[in-house]
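# Structure assessment
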Amino acid sequence: MTYFCTLASGSEGNCYIYVNGRQRILIDAGKNTRYINDCLRQLALSVSDLTHILITHSHADHVSALPVLLKHTRAALVCSSETFSAIGRKLPFGVPVQLFEPGEGFWLGQVPVKTFATSHDAPGSCGFVLGQGSEQVAVCTDLGTMSGEIFETIRGSRLVLLESNHDAEMVKNGPYPYPLKMRILSDEGHLSNKFAAKVAVRLGESGTKKLLLAHLSAENNEPRLALDTVCGTLAEAGVEMDVELAPRSMPGEPILL
């Protein structure tokens, strides 16, 4: 059985799991170890069952659990060389590590993984496509922007986890300092609802069947607004796709692939 499940998705922490047979791959670890283990128990798993921990980038909301989590599992840490340079000194000694450069592909057990560089403001930041055929899942958070290269890498994925971080007007009119507003809105920040909606149309036209909107800002977005923006744009384009929201601070339902 192969499935994908979101455990948390937002500025307070991000964590997902992809399970394919004996491979139990945690993607990011931005919540504490107790929270992650509690979520895994709902899937009849525990942190000791993990085979790999795959990291997108070094920001705290994606890696904060690692110093403790890696003491409770034999899972290998898999991340880009630049990400490891940023976080390695905080990790327990002797952790098995598999490094790669964004753009490289590799296998985690029987699971093929493609990687792509993102323009998010963390050295070595990247996204992933796991599996193949009907079991292919693309993890696309903290993108900054959607380049042609990224789109070609994720094209045809049955399931896509896509950030729909903010409403641009809410950012512009909100209380954040001006430099932070500019960072969020830049290509080194996050995708807006409207940008995510345009990407969703192209994904639907290329074969994606299900979209999970992820990494919604608690301050600069509303779940209904993100959902309405993306679904409305898909309807206008005549593209049918199942669209759901990835919960911020609780696990979602496992999606069988």
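As shown above, the structure is provided for reference.
In short, a report on the structure. In this text, all values refer to a predicted model and were calculated from it rather than measured experimentally. (Residues numbered from 1 in each chain as written. Predicted model: local features only at pLDDT ≥ 70, side-chain atom pairs only at ≥ 80, totals over all residues. Heavy atoms only, no water.)

### Some details on the overall build of the protein chain
A tally of regular secondary structure across the protein chain gives nine helices and 14 strands. In summary, the protein chain has a C-alpha radius of gyration of 17 Å against a globular reference of 18 Å for 257 residues, a match within 12%. Each principal axis of the C-alpha atoms in the protein chain carries an extent, and together these give about 50 × 40 × 35 Å. Looking at the protein chain as a whole, 57% of its 257 residues are labelled buried. Excluding contacts between residues fewer than 6 apart, the proportion of contacts in the protein chain whose partners are at least 24 apart in sequence is 63%. Accessible surface, the protein chain: about 11000 Å² in total, of which carbon and sulfur atoms supply 51%. Between the averaged position of the 22 positive side-chain charges in the protein chain and that of its 27 negative side-chain charges there is a distance of 5 Å. (Helix = DSSP H or I, 4+ residues; strand = E, 2+ residues; numbered from the N terminus. Rg over C-alpha atoms; globule rule 2.2 N^0.38 Å. Buried < 20%, exposed > 50% of the residue type's maximum accessible area, 1.4 Å probe, protein only. Contact = heavy atoms within 4.5 Å. Areas by Shrake-Rupley, 256 points an atom, 1.4 Å probe, with all protein chains shown as cover. Lys, Arg positive; Asp, Glu negative; His and termini not counted. Charge placed at Lys NZ, Arg CZ, Asp CG, Glu CD.)

### Remarks on the sheet that holds strand β8 (residues 111-117)
In space, the seven strands of this open sheet follow the order β7-β8-β9-β10-β11-β12-β13, with mixed pairing throughout. For this open sheet the edge positions go to β7 (105-108) and β13 (242-245), each flanked by a neighbour on one side alone. This sheet shows a mean twist of 20° between the axes of neighbouring strands, independent of strand direction. The sheet contact formed by β8 and strand β9 (residues 126-130) spans five bridges and is antiparallel. Bridge assignment links T115 to a residue of β9, and that residue is F128. (Pairing = 2+ DSSP bridges. Axes fitted to C-alpha atoms, helices over the stretch in contact; angles between N-to-C directions.)

### Re the nonpolar core
Core analysis: the largest hydrophobic core is formed by 30 residues, its most contacted members being L7, I17, L26, I36, I53, L66 and L69. Once you skip the residues sitting within four places of it in the chain, L66 turns out to touch A29, I53, I55, L77, I87, L91 and P92. Counting 28 residues, the second-largest nonpolar core is a separate cluster that includes C140, I154, A197 and V239. (Core = buried A, V, L, I, M, F, W, Y, C linked by side-chain atoms within 4.5 Å.)

### Considering the pattern of salt bridges
Here the structure, examined in full by the defined rule, presents seven salt bridges. K210 is the salt-bridge partner of E244, the closest N and O atoms lying 2.7 Å from each other. Highlighted residues: E244 in strand β13 and K210 in strand β12 (residues 210-214), separated in sequence by 34 residues. Given the relative accessible area of 35%, E244 is considered partly exposed. Look at K210 and you get buried, because its relative accessible area is 12%. Put simply, K210, D242 and E244 are held in one network by salt bridges that share partners. (Salt bridge = Lys/Arg side-chain N within 4 Å of Asp/Glu carboxyl O.)

These values are about where atoms sit, not about what they do.
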